[in-house]
Amino acid sequence: MTEPTIYQHLLDQGLSRREFLKLCGVLAGAMGLRCAAPVLASGLPAHLVNDNASAAEAVAQALESKPRLPVIWLEFQDCAGCSEALTRSQSPTLVDLVLNKISIEYHETLSAAAGFQIEENKQAIMKKYAGKYALVIEGAIPVADDGIYCTIGGRSSLDLLKEAAAGAAAIIATGNCATFGGLPKANPNPTGAKGVWEIITDKPVVNIPGCPAIPEVFTGVLAHFLVFGALPELDHLNRPKTFYAETIHDRCLRRPFYEAGKFANTFDDEGARQGWCLYKLGCKGPTTYNSCATIKWQAGLSFPVQSGHPCLGCSEPNFWDGGGFYQGQSAPVIRPALAGVGVAAIAGVVLGAGVAAANRAQKPRDAEKPVAAQQNSAAKE
Amino acid sequence: MDWNAILEFARGTFFQVALLVFVAGMVYRLARILLLGWKPNRVTAKGSRLGGVGMSFLKGAIIWPFIPWVKNTASRNPVIYIAGGIFHFGLFTVILLGTAHMLVWKSLLGFGWPTLPLPIVDWLSAIAIAAMIGLFINRLINPVLKLISGPAEWLNLLIVFLPMVTGYIMTHHLFFRYEVLFSLHMLAVDVLLIWIPLSRISHFMFYFFSKAIHGAEFGKRAVTP
Ligand code: HEM
Ligand code: SF4
Ligand code: SF4
């Protein structure tokens with residue numbers, strides 16, 4: 001094989017050996033989560049920081065021997081928010097190195113080229129790296145009416161997805177749209193939007209849900225594939241277990257207030273100022289699996305619940321249709337309309353009256369029989 | 001299994017259906033009873049019907065139930081009196097003053113109210129669960145109760161018991177993931193809602209009717225207890 005290894009490629013980019021080893025440490029941390037640079041920067045308690053020296057060595061070995069991993073990134077029904085989150089993430093070393101220096105070959109938003117030029121380029125890459133590239137999908141895929149609701153260069157996203165998936169070594173769906181359909185799939189889902197794994201069923205699809213996906217989680221998964229040449233262990237929703245094993249509620253810093261029954265009732269009451277639990281303000285933390293409470297956002301600075309906003313459950317399937325964002329999680333998803341209750345009540349009356357009338361009609365003699373008289377005489381005794 | 005999908009169903013469509021069945025069912029039962037009508041009664045009243053009703057409520061629902069020596073039940077079957085009382089008290093506190101439950105009422109009624117701290121609600125539900133187990137054992141060993149208990153009576157106990165235990169286990173994050181227990185809790189609640197109008201748990205409404213009717217009869221005959 002004449003292809004340069006990742007290490008060679010990085011040296012060509014002007015990286016020193018020293019910087020390379022540092023990168024390996026960062027990558028190892030990203031995969032194992034604990035030692036990621038942003039997490040360290042946030043001042044993680046010492047007992048949570050693993051000694052990952054040996055892991056870094058393994059990463060170094062892999063990078064020294066493996067060729068670059070080409071990545072093709074397709075956007076369908078999306079807002080480019082996941083890409084935005086990645087490019088603006090506060091861990092530039094990690095993201096920059098993984099995405100720019102190591103891999104990205106085609107990305108609609110980030111690529112300088114456009115139009116037919118880049119489409120041709122994509123075809124060339126898919127041919128050249130057939131069976132080797134990683135395919136990243138951002139955005140849902142509309143399947144109604146042969147997928148005409150999202151087309152790129154005159155081809156439906158359904159078509160483009162199937163084409164690109166055929167030659168992919170791994171498929172990573174990033175963000176709630178690509179994983180579970182997200183906003184495009186929200187009721188009434190006019191375009192028939194679907195997540196990637198509902199369409200591509202002959203290959204494993206890694207789901208990295210979130211709105212957007214946490215950049216460090218995405219890079220962690222990509223790094224895992226890069227280093228080990230295999231996908232990380234997945235759960236029943238195809239989410240990497242390392243990052244989706246616990247709920248926000250499990251790791252929430254407001255949890256003691258939840259246990260003590262201390263809740264903020266509005267966004268600016270005393271409870272809110274005291275940092276009490278946001279359950280009453282609609283927090284979906286108890287049923288939401290994601291790493292927000294541990295990795296956090298903006299270089300480990302904070303995450304929604306920490307900054308005073310209830311968790312929306314953005315990494316769960318159908319979170320748009322899971323009841324009001326600011327309505328307590330226990331509240332019914334569908335608030336019964338007064339009309340519905342009225343109809344039910346009327347149905348009850350009509351049925352009751354009907355049965356009563358039928359009973360009376362059926363036993364005419366009962367009414368005439370001197371039951372009343374019997375009762376009266378009984379009462380006199 | 002995708003428990004969040006089950007939860008969505010149990011909190012969404014199924015709950016909606018269960019609630020409407022509950023409303024329709026209770027109204028149906030009410031209509032049936034009201035349409036039975038009053039038999040013409042030609043006996044002259046010896047006392048005040050209204051007074052009888054008032055007395056009956058005092059005795060049956062407001063003050064006397066809490067004074068053991070006035071209640072026959074207290075001496076005849078103390079387990080029913082004590083465990084039954086504790087159970088009802090715990091149940092109503094939990095479903096009215098638990099935070100999660102208040103939010104349900106709030107979404108249905110449009111307004112909410114202050115709730116009790118979790119530990120208090122928690123202890124009350126633990127005590128209510130213990131009381132239910134007591135009532136179950138009592139029903140098992142009391143010869144008279146055993147005789148008059150058919151499948152419906154055992155089902156009553158079970159169907160009320162399930163939301164209680166699943167709620168309790170969920171709050172403590174025991175055994176299963178939260179959304180699994182939340183789903184089970186909601187499924188149990190949905191089943192309960194449908195079961196109530198079909199069963200004698202509907203006494204939560206008819207109790208007050210029967211108290212009123214008995215009271216009126218007693219009052220009329222001036223034998224107010
Ligand atoms: C629409 C109806 C209901 C909803 C949405 C609902 C929801 C909930 C939720 C979310 C919790 C957990 C609170 C937490 O984790 O802090 C809970 C707890 C509980 N629920 Fe319900 N529930 C409903 C009806 C009922 C009913 C009818 C009963 C009793 C028959 C019941 C009994 C309990 C109990 C005993 C607990 C545990 C309270 C504790 O240990 O603190 N629930 N419920
Ligand atoms: S704020 Fe949300 S995640 Fe945190 S303890 Fe309260 S309910 Fe749980
Ligand atoms: S806290 Fe909840 S809503 Fe916010 S980003 Fe994390 S998973 Fe999404």
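So, here is what we can say about the structure in this document. (Residues numbered from 1 in each chain as written. Chains lettered and ligands numbered in written order. Predicted model: local features only at pLDDT ≥ 70, side-chain atom pairs only at ≥ 80, totals over all residues. Heavy atoms only, no water.)

1. Observations regarding the interface of chain B and chain A
Here's step 1: Each partner contributes to the interface: chain B provides 43 residues, whereas chain A provides 47 residues.
Here's step 2: Summed over both sides, the interface of chain B with chain A buries roughly 3,900 Å², with 60% coming from carbon and sulfur.
Here's step 3: Our enumeration of links across chain B and chain A arrives at 0 salt bridges.
Here's step 4: Across the contact surface, chain B and chain A share 6 residue pairs in polar contact (both at pLDDT 80 or more). (Contact = heavy atoms within 4.5 Å. Buried area = accessible area lost by both parts, 1.4 Å probe. Salt bridge = Lys/Arg side-chain N within 4 Å of Asp/Glu carboxyl O. Polar contact = N/O pair within 3.5 Å; in protein donor to acceptor, adjacent residues only side chain to side chain.)

2. Here we look at the site of ligand 1
Here's step 1: The immediate surroundings of ligand 1 are formed by 27 residues, with A:Tyr258, B:His101, B:Asp122, B:Ser125 and B:His185 found nearest.
Here's step 2: What surrounds ligand 1 is not a single chain but chains A and B.
Here's step 3: The separation between an oxygen atom of ligand 1 and a polar side-chain atom of A:Tyr258 is 2.6 Å.
Here's step 4: B:Ser125 is positioned such that a nitrogen or oxygen atom in its side chain is 3.0 Å from an oxygen atom of ligand 1.
Here's step 5: Contributions of two or more residues to the shell around ligand 1 are made by helix H5 (78–97), helix H6 (99–109), helix H7 (118–141), helix H9 (151–171) and helix H10 (178–198) of chain B. (Near = heavy atom within 4 Å. Helix = DSSP H or I, 4+ residues; strand = E, 2+ residues; numbered from the N terminus.)

3. Thoughts on the coordination of the iron atom of ligand 1
All names here are of chain B.
Here's step 1: On the protein side, the iron atom of ligand 1 has His101 (NE2) and His185 (NE2) as donor atoms, found 2.0 Å from it.
Here's step 2: Given 6 donor atoms and angles of 84 to 179° at the metal, the environment of the iron atom of ligand 1 is assigned as octahedral. Here histidine 101 is found in helix H6, whereas its partner histidine 185 is found in helix H10, with 84 residues between them in sequence.
Here's step 3: Histidine 101 sits in the partly exposed class, given a relative accessible area of 23%. (Donors = N, O, S within 2.8 Å, 3.2 Å for Na, K, Ca; no water. Tetrahedral: all angles 85-135°; square planar, octahedral: opposite > 155°, others 65-115°. Buried < 20%, exposed > 50% of the residue type's maximum accessible area, 1.4 Å probe, protein only.)

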